[in-house]
Amino acid sequence: MTNTLYLPELREMLAENDAAALREFCTALHPARTAEFMEGLTGQEAWAVLQHAELPLRVQIFGFLPIEKQVEIVEQEEREAIAEFIGELPPDDRVDLLQEVEPWIVEEIMPLIATDERRDIQRLRQYPEGTAGAIMTTAFARLSEDLPVDQVKPTLREQAEDLETIYYLYVVDKEDHLRGLISFREVVMGDPGTPVGDLMERDLVSVNVLEDQEEVAEKVAKYDLLAIPVVDEEHRMLGIITHDDVIDVMREEATEDAHMIGGVAPLREGYLETSLGTLTWKRGIWLAILFLAALLTAIALDHYEGVTQQITWLVLFIPLVISTGGNSGNQSATLVITALSTGDVELGDWCRVVWRELVMGILLGGTLGFVGFFCALPVAPTYLSAGVIPVTLVLVVMAGTLVGSLLPLVFSRLGLDPAMMSNPFVAGIIDVLGIIIYMHVALAFVGPASN
């Protein structure tokens with residue numbers, strides 16, 4: 001929600017060109033809070049306010065503005081000024097920003113950006129979306145092995161203005177091959193004349209530049225890192241991925257999984273920013289698939305119409321049977337998809353997963369079946385015929401837990417996102433299986449002639 005607390009004052013200051021007040025506004029609060037109070041301004045007004053902050057602070061405040069506002073500023077303001085400003089942004093942030101800007105505007109801006117920064121942008125833009133290279137930054141501290149500890153600080157002073165972080169200092173050779181890492185704490189605590197190579201850690205966790213961003217996030221979380229180095233096939237260091245970028249990845253992946261579990265194709269933009277046409281397509285394509293699944297359920301019911309006409313009381317329990325099976329399948333699918341995402345379950349664990357879900361299906365189905373038996377007694381003509389409901393519930397819940405747990409594992413084995421096996425999709429499959437199981441159990445217990 002837009003914070004409008006300071007909007008009247010900001011617009012008044014802009015109208016009066018009150019430079020001192022605008023400068024105080026930019027410096028008085030944390031950059032994130034400053035950006036929050038600017039959200040209600042137009043792109044032109046926000047850019048005018050930013051001109052009253054020193055360049056490093058201007059970059060920080062700009063980074064906290066919503067991406068839509070950033071794009072608006074870039075597309076509307078004077079090209080030369082924007083090109084110069086983009087050159088000051090963190091390497092990964094400026095690439096992400098330019099990907100959202102209209103291509104023809106990017107073509108106008110790129111030649112105006114300083115040569116080194118332009119080459120860096122072009123290099124980062126070549127990596128596929130969703131890979132380590134697409135989210136890394138090239139602003140990291142480089143040291144040589146033979147550099148004495150007492151010379152590290154002067155070296156960092158020369159680089160510090162352009163660095164993303166100085167907590168991890170990376171040791172590379174002349175060809176930029178990653179040799180090791182030394183923390184800033186070790187620099188502070190180390191003897192002045194000791195070479196960096198004697199203190200550095202050589203056994204490093206790194207990621208390939210083409211590695212999936214989700215795997216990068218898992219490594220950072222597993223080893224509790226503030227940043228992770230990105231290397232190519234020859235182990236040359238290309239950049240680093242910092243923890244704040246990893247948080248963005250985890251949020252993005254979690255949002256994508258939530259959409260897919262709910263039976264919606266992942267949205268590229270926020271809900272309110274997504275056009276109705278795009279939203280209709282992304283929701284409609286899954287609804288069409290689910291519609292076909294529901295059609296199969298209708299066909300199954302039609303196939304067993306003779307049974308339901310002769311044993312009329314069975315119809316009363318159809319919603320109970322298919323919803324119980326679908327719900328149990330949804331639970332299993334959600335648990336397995338989450339476990340795969342967090343690394344708690346791997347493909348090699350499929351036997352244990354199947355066994356656990358099979359036992360869980362028996363336990364849950366038996367419990368619900370016990371209740372279902374007494375629910376069926378008032379309408380079933382005999383105790384034997386009432387037994388259809390508990391037996392069906394046990395079998396349907398077992399089918400639900402097995403299908404819900406196995407399908408995400410199968411998708412993962414095929415190299416697909418297990419979240420694609422969404423809850424509505426699992427429920428659609430179980431609906432059909434539930435009807436088939438229900439009717440066959442009824443025929444086995446009471447035959448086609450019982451009422």
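A short tour of the structure in this document, coming up.

Focus on the overall build of the protein
A tally of helices and strands in the protein yields 23 helices and six strands. A compact globule built from 451 residues would reach a C-alpha radius of gyration of about 22 Å, whereas the protein, at 30 Å, exceeds it by more than 25%. Taken along the three principal axes of its C-alpha coordinates, the protein extends 90 × 60 × 35 Å. When the accessible area of the protein is evaluated, it comes to approximately 23800 Å², of which 58% is carbon and sulfur surface. A gap of 3 Å separates the mean positions of the 28 positive and 69 negative side-chain charges of the protein.

Description of the layout of surface pockets
In this approach the atoms are scanned with a rolling probe the size of a water molecule, which exposes any empty space left behind. By volume, the second largest pocket is sized at about 400 Å³. Broken down by class, the residue content of the lining of the second largest pocket amounts to seven nonpolar, four polar and five charged.

Things to note about the pairing of strand S3 (residues 178–183)
Successive residues of a regular strand alternate their side chains across the two faces of the sheet. Summarising burial for S3: five of the six residues are buried, a large majority. When strand S2 (residues 168–172) meets S3, the two strands line up antiparallel, connected through five bridges. Note on S3: the bridge partner recorded for Tyr168 is Ser183. Taking the residues between adjacent antiparallel strands as the criterion, S2 and S3 are bridged by five residues, where Asp176 takes a positive phi near 70°.

Things to note about the packing of aromatic side chains
Taken as a whole and judged by the stated rule, the model has six aromatic pairs. Ring geometry for Trp47 against Phe85: centres 5.3 Å apart, planes inclined by 80°, an arrangement best described as edge-to-face. Of this pair, Trp47 sits in helix H4 (residues 43–50) while Phe85 sits in helix H7 (residues 79–86), placing them 38 residues apart in sequence. You can call Phe85 buried: its relative accessible area is 4%. What links up through ring pairs into an aromatic cluster is the set Trp47, Phe62 and Phe85.

Focus: the side chain of Glu211
On the secondary structure map, Glu211 appears in the loop between strand S4 (207–208) and helix H15 (213–223). Classification of Glu211 by relative accessible area gives buried; the value is 15%. Each residue touching Glu211, except ones within four places of it in the same chain, is listed here: Gly130, Thr131, Ala132, Val216 and Lys219.

Some details on the environment of Ser412
Mapped onto the fold, Ser412 is located in helix H22 (residues 388–413). We classify Ser412 as partly exposed; its relative accessible area is 23%. Setting aside its immediate chain neighbours within four residues, Ser412 contacts Leu340 and Leu347.

Overview of the side chain of Arg58
When you line up the elements, Arg58 lands in helix H5 (residues 55–64). Of the buried charged residues, Arg58 lacks a salt bridge, with Glu54 as the closest side chain of opposite charge at 6.5 Å.

Re the sheet that holds S4
The three strands lie next to each other as S4-S5-S6, forming an open sheet whose pairing is mixed. The open sheet is flanked by S4 and strand S6 (237–242), the only strands paired with a single partner. Pairing geometry for S4 and strand S5 (residues 227–231), over two bridges, is parallel. Opposite Asn208, over in S5, you have Val231 as the bridge partner. Of the strands in this sheet, S4, S5 and S6 are in contact with H15, which crosses S5 at around 135°.

Thoughts on unusual backbone geometry
With a phi angle near 55°, Asn17 is a residue other than glycine that sits in the positive phi range. Inspection of the secondary structure assignment puts Asn17 in the loop between helix H1 (7–16) and helix H2 (19–28). Residue Asn17 is classed as exposed on the basis of its relative accessible area of 57%. Although it is not a glycine, Asp176 adopts a positive phi angle of roughly 70°. With respect to the helices and strands, the residue Asp176 is situated in the loop between S2 and S3.

With respect to the nonpolar core
Ranked by internal contacts, the top residues of the largest apolar core, which has 64 residues, are Met38, Phe62, Val74, Ile86, Ile109, Tyr170 and Ile241. Other than its neighbours up to four places away in sequence, Ile86 contacts Val74, Arg94, Leu98, Ile109, Ile113 and Ile121. Formed by 30 residues, the second largest nonpolar core is a distinct cluster that contains Ala300, Leu314, Ala333 and Leu393.

Some remarks on a nonpolar patch on the surface
On the surface, Phe291, Leu292, Leu295, Leu296 and Ile299 cluster together to form a nonpolar patch covering roughly 520 Å² of accessible area. Following the sequence through the fold, Ile299 ends up in helix H17 (residues 276–303). The exposure class of Ile299 is partly exposed, given its relative accessible area of 49%.

Regarding the sheet that holds strand S1 (residues 141–143)
Adjacent strands of a sheet form backbone hydrogen bonds with each other and so pair up, either parallel or antiparallel. Spatial strand order, S1-S2-S3: three strands in an open sheet with mixed pairing. The open sheet has two edge strands with one neighbour each: S1 and S3. Between one strand and the next, the sheet's axes are offset by a mean angle of 35°, whatever the strand orientation.

A few points about the pattern of salt bridges
Side chains bearing opposite charge may pair, as long as their charged atoms lie close to each other. Taken as a whole, this structure holds 13 salt bridges when the rule is applied. Where Arg179 meets Glu145, a salt bridge forms, and the shortest distance between an N and an O atom there is 3.1 Å. Of the two residues, Arg179 is situated in strand S3 and Glu145 in the loop between S1 and helix H12 (152–159); the sequence distance between them amounts to 34 residues. Judged by its relative accessible area of 26%, Glu145 is partly exposed. Linked by salt bridges that have partners in common, Arg94, Asp120 and Arg123 make up one network.

Here's the deal with H7
The α-helix advances 3.6 residues per turn, and as a result positions three or four apart in sequence lie on the same side. Of the residues making up H7, those classed as buried are Arg79, Ile82, Ala83, Phe85 and Ile86. For H7, the angular spread of buried residues about the axis comes to 165°, placing them on one side. In this structure, the buried residues of H7 make contact with H4, H5, helix H6 (67–76), helix H8 (91–100), helix H9 (103–109) and helix H10 (115–125).

Considering the environment of Leu433
Note on placement: Leu433 falls in helix H23 (residues 423–446). Spatially, the C-alpha atoms of Leu433 and Ala221 are 40 Å apart, while their sequence positions differ by 212 residues.

Each value, and the rule that gives it
Residues numbered from 1 in each chain as written. Predicted model: local features only at pLDDT ≥ 70, side-chain atom pairs only at ≥ 80, totals over all residues. Heavy atoms only, no water. Helix = DSSP H or I, 4+ residues; strand = E, 2+ residues; numbered from the N terminus. Rg over C-alpha atoms; globule rule 2.2 N^0.38 Å. Areas by Shrake-Rupley, 256 points an atom, 1.4 Å probe, with all protein chains shown as cover. Lys, Arg positive; Asp, Glu negative; His and termini not counted. Charge placed at Lys NZ, Arg CZ, Asp CG, Glu CD. 1 Å grid on protein atoms, 1.4 Å probe; cavity = no way out; pocket = protein on both sides within 12 Å on 5 of 7 lines; lining within 4 Å. Points joined across faces, edges and corners; volume = space filled by probe spheres on them. Nonpolar A, V, L, I, M, F, W, Y, C, P; charged D, E, K, R; others polar. Buried < 20%, exposed > 50% of the residue type's maximum accessible area, 1.4 Å probe, protein only. Pairing = 2+ DSSP bridges. Phe/Tyr/Trp six-rings, centres within 6.5 Å; stacked < 30°, edge-to-face > 60°. Contact = heavy atoms within 4.5 Å. Salt bridge = Lys/Arg side-chain N within 4 Å of Asp/Glu carboxyl O. Axes fitted to C-alpha atoms, helices over the stretch in contact; angles between N-to-C directions. Core = buried A, V, L, I, M, F, W, Y, C linked by side-chain atoms within 4.5 Å. Patch = residues over 30% accessible without salt bridge, like charges linked within 9 Å, V, L, I, M, F, W, Y side chains within 5 Å. Arc of directions from axis to C-beta.

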